[in-house]
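# A structural walkthrough
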Amino acid sequence: MNHQFVPSSVGGSADDAHLPSVYTQHEPFYYGQHADVLNQPAGWYEVSCTQAGAATPHADPIRALACDPRKELIWAGTASGMLHAHYAADMSRIVSSYIGEPSASHTNLGDVRDIVVSNSSVLAAVSYGLVIVNRGGVLCGAVRAEAISNAKALALNPLSDKHVCIGGESRMLAVIDLEQERILRQATLRGATGVTAALWAAPEAASSIAIFSTSTGRISLCDPSTMREVNAIAAFAGATTSMATSGYYLAATGLSTRGGVPYLEQSVKLYDIRAVQAPLPSVLFSAPPMFIAFDSATSSMYNTDGALWMLSPHGVMQLLDISPVTTGAPAYPLCDEIQLDAGSDVFTAMVVSPQGLLFLGDSGGFVHQWTSSDSVKVNASSEPVWTTPVNPEPSTPSIHMDNFITSEIGATIPKCALPEFEYEYLTDELFDSTEKPPFKRKPGKLRSARIAKAVNTDCDLYPRFPFARFPLQITDDILQVAKRHSFVSYAQAPPSFIRNSESGHRKPPKTKAVNTKSRLQRERRSSSPSGGSAVTSAGPDLTKSSVRSMYVEMDLVAWESFEGFDFLKYNASARFCGLENALPNVYVNPAVQALYFCPPVRTAIGNHACDRDWCISCELGFLFHMFDLGGAGMACEAGNFTRAFMTMANAGALGLLDGPHALPLSQRIENFTRYLLEQLHKDEGMETDSTVLSVFGAETVSYGTFMTSKTNWERKARPFQHTLTYNRPMTGTFCELLEHSLYHRADTTRAFCEASGQFESMTQHRELRNLPNVLLLGCNSKATGYDEWWFETGGNRNPVQSPRDQTRALEDIANEAMQGEKKLVESMRIDLTNGLSVTKLSDEGTEARADLGYDADGRDAKDTADLMAEYDLSFVIAQVPQAIQEGAEANGNGGMNAKNVEGHLVAYIRVPRSYRERGGSREDKTNSKAVSERNSDAEWWCFNDFVISPCEGFNEVAAFHRMWKRPCVIGYVRRDINSRVEMESNNTLADVREVIGEENCNAAVGLQPDEEVPEKGTVLALDCEFVMVARDEADIFGDGTWQVVVPARKALARVSVIRGYGKLKGTALIDDYVAVREPVVDYLTRFSGLSEGDLDASRSPHKVSSLKSVYKRLRCLVDAGCIFVGHGLKSDFRIINFVVPPNQVIDTVTLFRAKNKRLLGLRFLSNTLLGGDIQSKTHDSIEDADAALRLYDLYVKLKKGEGGEQRLQRTIKELYAYGYAHGWKADADEAFVFPE
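Residues numbered from 1 in each chain as written. Predicted model: local features only at pLDDT ≥ 70, side-chain atom pairs only at ≥ 80, totals over all residues. Heavy atoms only, no water.

The protein has the name PAB-dependent poly(A)-specific ribonuclease subunit PAN2 in an unreviewed UniProt entry, where Gracilariopsis chorda is given as its organism.

What follows is the structure, given as structure tokens:
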């Protein structure tokens, strides 16, 4: 195609015809009329149209364009694999370099797909991965990997030049560390067949987000630190062709399909990345746009973030301000539509420089340059492209060169563009000449300072270049320890080593002698979110009533790490185990904890056993069992229980599940307790004599009379929970309120009478026939008189001071409520002998009693019949509103924040003596005795998920304030309950042989008739595989940052248990594939060895078992006292939702770990210490369990063998040295040698 430069104008004058057609670097470039006094653009003009690279007979289409952030250069990548750089002022060619696939044929040279330019290098996406070149076109490095093959898009970290995101035709995304030239992390993109464009946006100075568009029209917003998707947009039906961001604006163009034929959409889709689910109005364009780019220079001129260029493939382009669309107005045109002239070619790329230069590339290989300013500049201030060399003639050059050198590909490269520092590199040294004269140090100051002086500028032209390869000065201490392999020697880098520096070393600073170990420990305790060993100043002050009820958010990063989240500093008890709060529907935690501390319910649930999947009673029994095994140093996860709850009929329809249709929190917990008790009653299969019925049931009778037909009716019921009703005037005591609620007096209503066949007026009333053993009361928070009855008038103040003042004000509110009048009563008597009467027991008698509630033996009760009973307060579930959570974070209450909009729930429980005197398993043995002695007499405890602390008795429990805590569910227990309800447990240990069985299953060999049964102390190796059933969910905030609020959920998919005893040692005892009822979003095949169909019983080649049966088999082995050996078992047990006492766990992660050193992977340990090659392609649970067992045997052998503990420690030390030297991989040519 023929291109002829004709200065065209849009919105300009005819006087611009004198524009020069040739420009030199020494002449300032001017054209057209100057901008007016208001600094408004006079019009957009095409300055030049230049063929990229050297003139060739065939067209070399432009595939990518990028502006240089440091120099006045425009970089262009072509379809033939060439990378060109042109000087923007006159578009003269500076660099041409071939970076395509070296082995590509002449018909398929490997095109350049995308270009980004950092402060130190040029990065290009090509067919085989990522190419890194310097500004002289010299190849500095390349990253090849299967995950980034056929790379399509690049995105440079806007906050740092160290990292770049890359995506391609595969579904893999990767973040590459440019200094180390390696892949840091990678992830699989959901719902896509390939990446078409990538952005790394930074709406605010301290945050960034990676955005990828795909060939299926999906736009994914990912967390760059983990590459996990935090949000997604279904933007187009076809591929997304272009994306651009400015501030919080995200614009995209793409394809749709009609009749199976793709076509460009006529509009540009707009989004606010803070709320991508609510798209902004689209911007229509006269021609279907294919490329878009924001113009920051024009945006700053008009004080907007929305100056957007749109370009169609056939050359129709326009600049619009899209910011008005947020208010419902149409986009404002900043210039008229421009029709470009490219002949028969189409436009293939577009980029806008920071100074407003517009560059367009076409399929003919030409670069079009447009501008609206008086000078052609890429950046506001750029470094000179050309510099005068300080020493153009080296003293002893092997090849005479002047200011330019020529590379092997024939491209002219300016010498100033090469990476030069304090040492000068001679030309033959750079390009592999046979002679290698030694480099020499130049006298005087640094080279960059002399160059700056030579060119009369004070800027630092040559910052450190991360990809340069410097010949290091190898010191004698390194040579002494270096190991030689073939013709290469290697050694561990000393602490003084500086990567990519001239000398390679620095002198260590002179410091005073300090106790580094103790200082490091102090820093870790003070900085780590999970630091500390007890309830110290690092954690919340649990002695304050307002603080102990605040919401504490789990640190998910620490929670997923090997060390785990430190629950110990949030637990002031020595025996009680908390519940995690990082999963959906964890609002049920207070109700579960209250039921656990009800001995009859705990006993009945423990005795329950059935084979039904997702039985809520079984899952609750498993959870109670974990409470029994756990202690203050851990928190159980109610994951399996909440999964079973989510599968229950009508749970979602009743508004009991988290989500948009959920009831308000206070109503939800009231309805949940009623719903749960009904389900537990049904699971027992007894209509008249279930434990739930005997504990919570109370017979009520409703009477009614139709006034016209004189028809009477009677209806009996056994409700488990009663609801408080509020009538005006809102006066009286709690006893009067309860009396009114339990005995519903006659009222009149209209109802359908079956006898007369018509609606009639009817009078009805309800009576209570007998009294329950546990009186459960719902506070009916939705009722009109709830606030008026429970809270004093005028208490609705809202502290709006600073966070510290606000927290202090909330403490004052709590103290004021505790000192005020109490609505609730601690003990009361209910009498049904002559109607219904509720009376408060005297405070003197209550205080004199040593035992209340479950600890009372019933001998002092006035009557043990069903018509009269004495009750003591057992628990209160209260809602803590959001107001009390605000400001906690700024006040130093580690982990406190205002995450929940509705607030959260806490349970105040009077813990029975049998629980308080139970032996604990507190991990911190040094503090367990002190904590136990301090809190042994405390009856009332506040259970705030995993935050557990003693209360100030009934005085705190019965105090309520609308700004502090609001009652939801109240429980009273009869004093004579121990004599009325059977509480003996018949949950004996299961027969191991019966549970495990003698049948072979998959790769497992069942128990043999003559084989000894696993018992206490039997060693078994365990390994599990998991699949992902839900990805994590995150909240994106207004400043562009986000926070994971719901972590990803995994489900157990395979369990393998290997014998560590007897003749069959090393064979599998259990090998179960587990059926997953939830939809699997990722099989994690690389790490689990599982693929689609393996867990489907109808088409799996393996025998698939239910989760419940697998859980029972593992629990049977735990209860028998078996010892489990494995690698990383802590995380496995957490995901399984399983608690194993610490004395029954041996983790090979800790056996071969040096103090304060990194964790060693199973593959490295096995391949190095045992030989072989495990996990080469994928994971296998039997292989991994067997490797862990053999590592344990080796550990025992080293520890008990000759040399004992000293030889073991030397082995570990040598193991770490070997790992550092070999990149933590076993070297087949140089195997690890055990020290003598």
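### Concerning the sheet that holds strand β5 (residues 82-87)
Note: strands within a sheet are paired through backbone hydrogen bonds, in either parallel or antiparallel orientation. Quick note on the threshold: Strand pairing is assigned whenever DSSP identifies at least 2 bridges connecting the two strands. Numbering of helices and strands starts at the N terminus; helices are DSSP runs of H or I of at least 4 residues and strands are runs of E of at least 2. Note on geometry: axes are lines fitted to C-alpha atoms, helical ones only across the stretch in contact, with angles between N-to-C directions running from 0 to 180 degrees.
One open sheet accounts for four strands, arranged β3-β4-β5-β6; its pairing is antiparallel. Every other strand in the sheet has two partners, leaving β3 (62-67) and β6 (92-98) as the edge strands with one partner each. Adjacent strand axes in the sheet meet at a mean angle of 20°, parallel and antiparallel pairs treated alike. Relative to β5, strand β4 (residues 73-78) runs antiparallel, the two sharing five bridges. Within β5, the position partnered with Gly77 by the bridge is Leu83.

### Quick word on unusual backbone geometry
The condition is simple: Note on classification: 1.4 Å probe, protein chains only; a residue is buried when its accessible area is under 20% of the maximum for its type, exposed when over 50%, partly exposed between these limits.
If you check the backbone angles, Met91 has positive phi at about 60° while not being a glycine. Along the chain, Met91 turns up in the loop between β5 and β6. One non-glycine residue, Asn303, lies in the positive phi region at around 55°. Tracing the sequence through the fold places Asn303 in the loop between α1 (296-301) and β25 (307-311). In this structure Asn303 comes out as exposed when scored by relative accessible area, which is 73%.

### Here we look at the state of the cysteines
Selection criterion: We call a pair of cysteine sulfur atoms a disulfide when they lie within 2.5 Å.
Applying the stated criterion to the full structure yields zero disulfides. Cys1116 supplies the cysteine sulfur nearest to Cys1122, a cysteine that is in no disulfide, at a spacing of 8.0 Å.

### Notes on helix α24 (residues 1107-1119)
Threshold: In a helix, the anticipated span is given by 1.5 Å times the number of residues less one.
For α24, spanning 13 residues, the distance from its first C-alpha to its last is 18 Å, which sits close to the expected 18 Å at 1.5 Å a residue. Buried residues of α24: Lys1108, Val1110, Tyr1111, Arg1113, Leu1114, Arg1115, Cys1116, Leu1117 and Val1118, and no others. Among the residues trailing α24, Gly1121 stands out with phi positive, at a value near 90°.

### Looking at the environment of Ser246
Mapped onto the elements of the fold, Ser246 is located in strand β19 (residues 240-246). Exposure remark for Ser246: the relative accessible area of 15% places this residue in the buried category. As a C-alpha pair, Ser246 and Asp305 span 59 residues in sequence and 5.9 Å in three-dimensional space.

### Quick look at the sheet that holds strand β54 (residues 1049-1059)
In plain terms, the rule: Residue contacts follow a heavy-atom distance rule, with two residues in contact if any of their heavy atoms lie within 4.5 Å.
As summarised here, the arrangement of the six strands in space is β56-β55-β54-β51-β57-β58, forming an open sheet in which the pairing is mixed. A strand with exactly one partner marks an edge of an open sheet, and here the two such strands are β56 (1104-1105) and β58 (1145-1147). Alignment of strand β57 (residues 1123-1126) against β58, held across three bridges, turns out to be parallel. Across the sheet, Val1125 pairs through a bridge with Ile1146, a residue of β58. Along the sheet, helix α25 (residues 1129-1136) makes contact with β51 (1019-1030), β54, β57 and β58, crossing β51 at roughly 55°.

### Description of the packing of helix α10 (residues 616-629) against α24
Two quantities define a packed helix pair, namely the angle between the axes and the distance from one axis to the other. The criterion, for reference: Roughly parallel here means an angle under 35 degrees, roughly antiparallel means over 145, roughly perpendicular means 65 to 115, and every remaining angle is called oblique. Helix crossings fall into two classes, left-handed where the near helix is turned counterclockwise from the far one by less than a right angle and right-handed where it is turned clockwise. Classification convention: Asp, Glu, Lys, Arg as charged; Ala, Val, Leu, Ile, Met, Phe, Trp, Tyr, Cys, Pro as nonpolar; all other residues, Gly among them, as polar.
Look at α10 against α24: their axes get within 12 Å of each other, and the N-to-C directions meet at 25°. Taken together, the axes of α10 and α24 are roughly parallel relative to one another. By crossing handedness, the relation of α10 to α24 is classed as left-handed. On the side of α10, the interface is formed by Cys618, Gly621, Phe622, His625, Met626 and Leu629, while α24 contributes Lys1108, Tyr1111, Lys1112, Arg1115, Val1118 and Asp1119. Looking at the contact of α10 with α24, its residues break down into six nonpolar, two polar and four charged.

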